[in-house]
Amino acid sequence: MINLKGRKIFIAGGSRGLGREAALLAAKAGADVAISYRAEAAAARAVAREIRALGRKAFVVRADVAAPAAVSRATNAAVRALGGLDGLVVSAGIFEGRPIEEMSLEFWNRTMAINLTGTFLAVKAAVPHFRKQGRGGSIVIYTSTAGQRGSDVYSAYATSKGGQIMFMRSMAKELAADRIRVNCVAPAWTESDMSRGPVDAIGRDKVIADFPLGRIGRPEDVAGATLYLLSDLAQFVTGMTLTVDGGRDMRG
């Protein structure tokens, strides 16, 4: 098990899916964990109970990731509650598709606001805390293989995810002098509430056939990659996109 004992981790979007799994695995590794949520208050509180049952400190805060003041308040509250900040995981996002002729400007802007601007706001709010502490830190952004290769119908989503990757690389350069590492994790299809509908629409067997390892990804696959990047095992890793896709795209 990777050791995160005593680390303080804030997960933006940690009430369900990939963020939830990362929060619980971080707590199992010894970290105190704060999570933000937008609407799933009961689910967020349930995650906090599980974290506390593991003997770790937990904190829950509501925040709309696309609202600058809300993100700033939530980050400041999380840092106060945990007593510091060693890692940020940006998990909040949406996954929706429209063919170009059916895509409205409102749809496009909403996707960018939540997935890309939300990432910018989360990182911007966290960086002053990392710098003030002076001990570096790790930022992990959840992107997608769609952001690496593009996607028909899900073009807005893919564009927002590609933007996350370029933002990550830029931040890795900008923050390196402060020993703040910035990386992405890029899952392919992964079992979650967000992906269940599209996977079922395509056909589960058809989706699985594209994975050389013979299954769809699981939240714990992404959580394991996340913990590696948060840990000292990755202390010389920054500016990288770690693809977690069961060999589907064979990216290196």
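Residues numbered from 1 in each chain as written. Predicted model: local features only at pLDDT ≥ 70, side-chain atom pairs only at ≥ 80, totals over all residues. Heavy atoms only, no water.

Visitor: Is there a simple way to think about the environment of I9 in this case?
Guide: Its location among the elements puts I9 in strand β1 (residues 8-12). Residues I9 and V244, 235 residues apart in the sequence, show an inter-C-alpha distance of 21 Å. When near neighbours in sequence (up to four residues on either side) are disregarded, I9 contacts A31, D32, V33, A34, L82, D86, G87, V89 and L230. (Helix = DSSP H or I, 4+ residues; strand = E, 2+ residues; numbered from the N terminus. Contact = heavy atoms within 4.5 Å.)

Visitor: Help me out: how do you make sense of the sheet that holds strand β6 (residues 180-187) in this one?
Guide: Strands belonging to one sheet form pairs held by backbone hydrogen bonds; the direction of such a pair is parallel or antiparallel. With respect to topology, seven strands assemble into an open sheet ordered β3-β2-β1-β4-β5-β6-β7, the strand pairing being parallel. Looking at which strands have only one partner, the edges of the open sheet turn out to be β3 (58-62) and β7 (241-244). On average, each strand axis in the sheet is tilted by 15 degrees relative to the strand beside it, whichever way the strands run. As judged from the six bridges shared by strand β5 (residues 137-142) and β6, these two strands associate in the parallel manner. Bridging from a neighbouring strand, Y142 pairs with V185 of β6. (Pairing = 2+ DSSP bridges. Axes fitted to C-alpha atoms, helices over the stretch in contact; angles between N-to-C directions.)

The values reported here are purely geometric and, on their own, carry no functional implication.
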